[in-house]
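Structure assessment
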Amino acid sequence: MPAVTFVSTNPGKFREVRDVLVPFGVETRWERRSLPEPQADELSEVVDAKLDAVRDLRGYVLVEDSGLFIPSLKGFPGVYSAHFLSLWGFEPILELLRRRDRHAFFRTVAGVRFGPDRWQFVGQVRGSIAREPAGRNGFGYDPIFVPEGWHRTFAEAPTEAKNAISHRAQAVRKVGAWFAKRSGASGRKPPIGGSHHPSTSR
Ligand code: ITT
C-alpha cells in the first residue's frame with residue numbers, strides 16, 4: 001500500500017486528508033510540523049515554500065495550504081486566513097459583511113513531493129458566509145461557511161458530508177487518483193496525472 005506523510009500542524013486537516021485517501025488505498029501518516037508560510041499572493045507559492053521545507057523527509061510527502069476568499073472583500077482573508085483568524089476571530093468578517101455580498105469560496109492547493117519532483121492539485125468549493133457562527137464540527141472557518149446548495153454550515157455537518165464536497169477533499173481526491181494511476185504504471189517513474197511544478201492542476 002503506498003504511504004504518504006502529511007505535514008501540517010492541523011489535526012482537523014489530517015483527519016480529512018486521511019479519510020479521503022483511504023478509498024484510494026493510500027495510507028496517510030501525520031508529521032506534526034509547523035512549516036514556513038511566506039507572505040505570498042497565491043496559495044501555490046505558499047505550498048511551494050512548504051514543499052521546500054520538507055526536503056528532509058523520505059518517500060511521498062504531502063502538504064497543503066487553504067484559504068477562505070470573499071470576493072466582496074477583494075478576496076480577503078485569502079492567503080492570510082490563518083493569521084487573521086488567530087488574531088481576530090470571525091467577528092470582523094461578520095461585521096464587514098453586514099452590508100456586503102456574502103458569497104465566498106474555500107480553496108486548497110495540495111502539494112506532493114517525491115525526492116526532487118513535485119506536483120500541485122487544486123480544489124475549490126463555493127458558498128456564502130453565515131450571519132452568525134453555527135456548529136461544532138470541523139475547524140477554522142467551518143462555523144461560518146455555508147456551502148452552495150446547503151442550509152447549514154460545514155461545522156453543523158458530519159465530516160463525511162464535508163468530505164463529499166470540500167475544497168480539501170477535491171484537491172486530495174486528485175492526489176489519490178494520481179497515486180492510483182502512478183502505482184498502476186509499475187516500472188514507469190515519470191509523473192502521471194497532476195501537473196509538474198511549477199504549473200498547477202486546476
Ligand atoms: P498548516 O500547518 O497545514 O499550515 P493551518 O491551520 O495553519 O495548518 P492553513 O494556513 O492552510 O492551515 O489554513 C488557513 C486558515 O484557514 C486556518 O485558519 C484554517 O483553520 C482555515 N481553514 C483551512 N481549511 C479549512 C477548512 O476546511 N474549514 C475551515 N477553515 C479552514
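None of these values were measured; they are calculated from a predicted model. (Residues numbered from 1 in each chain as written. Predicted model: local features only at pLDDT ≥ 70, side-chain atom pairs only at ≥ 80, totals over all residues. Heavy atoms only, no water.)

Bringing helix H2 (residues 43-52) into the picture now. Taking burial as the measure, the ten residues of H2 include eight buried ones, the bulk of the element. Inspection of H2 places Leu43, Ser44, Val46, Val47, Asp48, Ala49, Lys50 and Leu51 among the buried residues, and these make up the whole buried set. (Buried < 20%, exposed > 50% of the residue type's maximum accessible area, 1.4 Å probe, protein only. Helix = DSSP H or I, 4+ residues; strand = E, 2+ residues; numbered from the N terminus.)

Let us now look at the side chain of Ser166. Following the sequence through the fold, Ser166 ends up in the loop between helix H5 (159-165) and helix H6 (167-184). Reaching out from Ser166, the side chain makes a polar contact with the backbone nitrogen of Arg168 at a distance of 3.4 Å. If near-sequence neighbours (up to four positions away) are discounted, Ser166 is found in contact with Val125 and Phe154. (Polar contact = N/O pair within 3.5 Å; in protein donor to acceptor, adjacent residues only side chain to side chain. Contact = heavy atoms within 4.5 Å.)

Secondary-structure assignment places Val46 in helix H2. Residue Val46 is classed as buried on the basis of its relative accessible area of 2%. For the pair formed by Val46 and Glu64, sequence separation is 18 residues and the distance between their alpha carbons is 8.6 Å. Setting aside anything within four residues of it in sequence, one finds Val46 in contact with Glu37, Pro38, Ala40 and Asp65.

Geometric values such as these leave the question of function open.
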